[in-house]
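Listed below are the residues making up each chain.
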Amino acid sequence: MADYDIVIVGGGPAGVGAAVAAAKNGLKTAVVERHSMLGGNWTSGYVLSILGMYTYDGTEKIVGGVADEIVENLKAYKGTNGQSHNFIPFRPDELKLSLDSIVKKYGIDVYINSLTTGAKVEKGHGVSITIEGKAGQKSVGSKMFVDSSGDADMSYFCTRNAIEGKEGEGWHQEATLPFRLGGVDEKRVISFAGKRKDLVSVVLNGDRIERLRVLPPLVEKAKTERRLYLPNSNSEFLFNTVRPGEFVCNATHVKIADFKDALEISKALHDLRHQAVSSLNFLIDEVEGFENAYLIDSAPSIGLRETRRAIGEYVLTRSDVLGNRRFDDAIARCGHPLEIHDPVKGVVYEHLSGGDNSWYHIPYGSIVVKGVDNLFVIGRCLSAEFDAQASARVTGTAMAMGHAAAVAASIAISKSTTAKGVPVKELQEKLKEQGAII
């Protein structure tokens, strides 16, 4: 059975990057997406910025290729103005439209509202996946597969093996539910921040606020006085979208013990929505310029930073990341610090040893699943240690991994070889020809 040349499980940043690259390289391509939209944590979890396309200080572009096309297409839909320091902020609905248009342009089949529930493997070769939706079960076959599910779903179904949580301890990074608010008077906020630098800090881009943080003294005081419900954070972080006065707040946090437990996720969402409303009321009451702010919406689903990771031919390590390691089988760059949302310590950053204008390589071995000869894994469920994943999971890097997986799949098909057997030098040259930065 081979309905497709390549089937991609998960239509988030990594999956979309893989799908576009696969179709552009002549592969008959399908994406299986469990939500009612493409974009993954961009659109369903409201990670409304693309991190990782630049070094952390914003001075050097380190991701290109298919990612550039996705960003340019989003600009055409007026969903972003492009780079703002080290990230690219955007609006979610314009991104949904943009991604719909790009998959239509390249003739990519998208199985929407479809959950991957199983996989058929014969002698270490993936034959098909089982997907479920309103019509019941369906088997979808392919020559090559890509796991960009975020949770290493297909990798686990194929191998019954994965890495979950912090090694030796099992805990996960905290989850978040970002929310959007409008009606903010940016000039008044800037004035207030100038007068009360002990309470509010702002980063400006011209006369606009790029990002804003309400600092611990004000947050902790409100929490002590029970005027703010924000149990696992001591500051409120917001950044601007495309429109004046419109911000995304990324402050809510909740502990997750088992991401597979539907009742636990339900309780977590209830708690996070409570935090979001409380945070909005706090901002209205405490920060000048927010008096007329209002809730636009909150993310459609919970934002999980880390759940389950595949075991690949190579496991990216903490020392690889912090040591700016270069690999001979490099397929992408990443310059993001280790960013761990620890349920005990709070948000912890560890910066690369080369500084905020440095980067390390993502190796090909970390996107090739061990034990399955035609399966790649990309995005936040790549083969990596817990700490390394806390850096490599950013969405610019995820798109670059997707580009690499798709080109590798096209080479494997043309040479009748396995994912592991793809000549890495040829892969690297093709990626460079297609605008990727290695």
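Structural data are supplied above this passage.
On a predicted model such as this, the values are computed, not experimentally measured, just so you know.

**Examining the nonpolar core**
Counting residues in hydrophobic clusters, the biggest one holds 90 residues, and the most contacted among them are Ile302, Ile362, Tyr364 and Phe376. Sort the elements by how many residues they give to this core and helix H10 (residues 395-415) lands first, with 12 residues. Apart from the residues lying within four places of it in its own chain, the contact partners of Phe376 are Met144, Phe145, Val146, Asp147, Tyr364, Ile367, Val368, Val369, Ala405, Ala408, Ala409 and Ala419. Listed in part, the 27 residues of the second largest apolar core include Val219, Ala222, Leu238 and Val287.

**Structural notes on the packing of aromatic side chains**
With the rule as written, the count across this model stands at seven aromatic pairs. On the basis of an interplanar angle of 85 degrees and a centroid distance of 6.3 Å, the ring pair of Tyr4 and Tyr111 is categorised as edge-to-face. Pair noted here: Tyr4 is in strand S1 (residues 4-9) and Tyr111 is in strand S5 (residues 109-111), with a separation of 107 residues, a long-range link. With respect to class, Tyr4 is no different from Tyr111; both count as buried. Measuring from ring centre to ring centre gives 5.0 Å for Trp171 and Phe386, while their planes differ by 70 degrees; the resulting arrangement is edge-to-face. In this pair, Trp171 is assigned in the loop between strand S9 (163-164) and strand S10 (179-182) and Phe386 in helix H9 (residues 386-392), connecting sequence segments 215 residues apart. With relative accessibility at 23%, the residue Trp171 sits in the partly exposed group. One residue, Arg308, lies across the ring of Tyr156, its end atom 4.6 Å from the ring centre. Against the face of Trp359 rests Arg333, its NZ or CZ located 3.8 Å from the ring centre.

**Some details on the pairing of strand S13 (residues 236-240)**
Consecutive side chains of a regular strand alternate in pointing toward one face of the sheet and then the other. S13 sits mainly inside the fold: five of its five residues count as buried. Of the two faces of S13, the one lined by Glu236, Leu238 and Asn240 and the one lined by Phe237 and Phe239 are each fully buried. Alignment of strand S12 (residues 208-214) against S13, held across four bridges, turns out to be antiparallel. Across the sheet, Leu212 pairs through a bridge with Leu238, a residue of S13. Strand direction decides the pairing type here: S13 and strand S14 (residues 247-249), joined by three bridges, are antiparallel. The residue bridging Phe239 from the neighbouring strand is Val248, located in S14. If you look at the hairpin formed by S13 and S14, you'll find six residues sitting between the two strands, and Gly245 has a positive phi there, around 80 degrees.

**Here we look at the packing of helix H1 (residues 13-24) against helix H2 (residues 66-76)**
Where H1 meets H2, the closest approach of the two axes is 9 Å, and the angle between their N-to-C directions is 105 degrees. The pairing of H1 with H2 is recorded here as roughly perpendicular in orientation. Contacts between H1 and H2 involve Val16, Gly17, Val20, Ala21 and Lys24 on the former and, on the latter, Val66, Glu69 and Ile70. Its residues placed into classes, the contact of H1 with H2 shows five nonpolar, one polar and two charged.

**A word on empty space enclosed by the protein**
Inspection of every chain in the model, using the stated rule, returns two cavities of 30 Å³ or more. Space inside the largest cavity adds up to approximately 70 Å³. Mapped onto the lining of the largest cavity, the elements with two or more residues apiece are strand S17 (330-334) and H10. Broken down by element, the lining of the largest cavity gets its largest block of residues, three residues, from S17. Residue composition of the lining of the largest cavity, grouped by class: eight nonpolar, two polar and one charged.

**Some thoughts on H10**
Helical geometry note: an α-helix holds 3.6 residues per turn, so side chains three or four residues apart project in the same direction. Taking 1.5 Å per residue as the helical rise, H10 with its 21 residues ought to reach 30 Å, and the 30 Å between its terminal C-alpha atoms agrees with that figure. When you tally the buried positions in H10, you get 18 out of 21 residues, the bulk of the element. Of the residues trailing H10, Ser416 is marked for its positive phi of about 50 degrees.

How each quantity is defined
Residues numbered from 1 in each chain as written. Predicted model: local features only at pLDDT ≥ 70, side-chain atom pairs only at ≥ 80, totals over all residues. Heavy atoms only, no water. Core = buried A, V, L, I, M, F, W, Y, C linked by side-chain atoms within 4.5 Å. Buried < 20%, exposed > 50% of the residue type's maximum accessible area, 1.4 Å probe, protein only. Helix = DSSP H or I, 4+ residues; strand = E, 2+ residues; numbered from the N terminus. Contact = heavy atoms within 4.5 Å. Phe/Tyr/Trp six-rings, centres within 6.5 Å; stacked < 30°, edge-to-face > 60°. Lys NZ or Arg CZ within 6 Å of the ring centre and 35° of its normal. Pairing = 2+ DSSP bridges. Axes fitted to C-alpha atoms, helices over the stretch in contact; angles between N-to-C directions. Parallel < 35°, antiparallel > 145°, perpendicular 65-115°, else oblique. Nonpolar A, V, L, I, M, F, W, Y, C, P; charged D, E, K, R; others polar. 1 Å grid on protein atoms, 1.4 Å probe; cavity = no way out; pocket = protein on both sides within 12 Å on 5 of 7 lines; lining within 4 Å. Points joined across faces, edges and corners; volume = space filled by probe spheres on them. Expected span 1.5 Å × (residues − 1).

Function cannot be read off these values alone, since they describe shape.
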